[in-house]
Amino acid sequence: MEQTSAIILAAGTSSRMGIAKQLLPLGDRPILAHAIDRVLAESFTEIIAVIGHEADTIQRAISVKDDRFRWVVNKDYRQGQGTSLKCGISQMNEHHSSVMVFLADLPFLSQETVHDIYILGNVMLQETDVPFVLQPSFQGTAGHPVFFGHVEAEWFQQIDGDQGAKVIMNQFSIRKRLSVEDQGILYDIDTPEGYEKAGRFYRQT
């Protein structure tokens, strides 16, 4: 496998939730811990969790015993998710040729999907030497995690505020989607009502 970084975006203020959703319990673990567990299960060479809002509290509440993992604090997190993506990319090992980007609030993302995107992304790294983007899609809608192959870190510096990576998509020669039977790639938790629904869904699984 190529050397591939993983970045988990977990710095948001959870404004619609009213409290830090990263630490809301889902089962016996915080929402963010579920996302971290999915990433730890794959063979990433480094794992970066970008935090900002309630950063100290998150680090105290979630203990990760894995040498590949580290917390990175985005001091500009209030300016939007784009700043966290830039922050994470800037902290990547400069020798890594690819990165897989995760969102903290997708706790129902299946391990199978993570594995399939990771493996296919690494296959594509061998098959082509041009920049590419690989995303899972559920019933025609693209979601996360997103695999960026043969990336140039400076491209991500074009992102501003709450913009996502869409602003730099024209830099990637290949854009591929992998169809998955996993609604978890889209199931984010943004509101108290959404959290309550997620709790019911979790208890049924």
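Computed from a predicted model, the values in this text were never measured in an experiment.

Quick notes on the rules
- Residues numbered from 1 in each chain as written.
- Predicted model: local features only at pLDDT ≥ 70, side-chain atom pairs only at ≥ 80, totals over all residues.
- Heavy atoms only, no water.
- Helix = DSSP H or I, 4+ residues; strand = E, 2+ residues; numbered from the N terminus.
- Buried < 20%, exposed > 50% of the residue type's maximum accessible area, 1.4 Å probe, protein only.
- Contact = heavy atoms within 4.5 Å.
- pLDDT = per-residue confidence, 0-100.
- Salt bridge = Lys/Arg side-chain N within 4 Å of Asp/Glu carboxyl O.

### Some details on the environment of serine 137
Here comes step 1: By secondary structure assignment, the location of serine 137 is in strand β7 (residues 132–138).
Here comes step 2: Note on serine 137: relative accessible area 7%, which makes it buried.
Here comes step 3: Serine 137 sits 22 residues away from histidine 115 along the chain, and the two C-alpha atoms are 14 Å apart.
Here comes step 4: Setting aside anything within four residues of it in sequence, one finds serine 137 in contact with Ala142, Arg177, Leu178, Ser179, Val180 and Ile185.

### Examining the confidence of the model for the protein
If pLDDT is low for a region, its predicted coordinates should not be looked at in detail.
Here comes step 1: Mean pLDDT over the protein works out to 90, with 96% of the residues at or above the 70 mark.
Here comes step 2: Mean pLDDT in the protein bottoms out at helix α5 (residues 192–204), which sits at 79, and peaks at strand β5 (residues 69–73), which reaches 98.

### Quick look at unusual backbone geometry
The general pattern is negative phi for most residues beyond glycine and trans for most peptide bonds.
Here comes step 1: In this chain, histidine 144 is followed by proline 145 through a cis amide linkage whose omega measures 10°.
Here comes step 2: Relative to the elements of secondary structure, proline 145 occurs in the loop between β8 (141–142) and β9 (146–149).
Here comes step 3: Look at glutamine 139: it is not a glycine, yet its phi comes out positive at around 50°.
Here comes step 4: Here glutamine 139 is to be found in the loop between β7 and β8.
Here comes step 5: The phi angle at histidine 150 is positive, at roughly 50°, despite the residue not being glycine.
Here comes step 6: Here histidine 150 shows up in the loop between β9 and β10 (174–179).

### A look at helix α3 (residues 81–90)
Here comes step 1: With 7 of 10 residues buried, α3 lies mostly within the body of the structure.
Here comes step 2: What α3 keeps buried is the set Gly82, Thr83, Ser84, Leu85, Cys87, Gly88 and Ile89.
Here comes step 3: For α3, the elements touching its buried residues are β1 (4–10), β4 (46–51), β5 and β6 (98–103).

### A short note on the pattern of salt bridges
Here comes step 1: Under the criterion given, the structure shown has 5 salt bridges.
Here comes step 2: For the salt bridge of aspartate 66 with arginine 68, the shortest nitrogen-to-oxygen distance reads 3.0 Å.
Here comes step 3: Among the residues examined, aspartate 66 registers a relative accessible area of 22% and is labelled partly exposed.
Here comes step 4: A salt bridge links glutamate 196 to arginine 200; the nearest nitrogen and oxygen atoms lie 3.4 Å apart. Here glutamate 196 pairs with arginine 200, and both are found in helix α5, just 4 residues apart, close to one helical turn.

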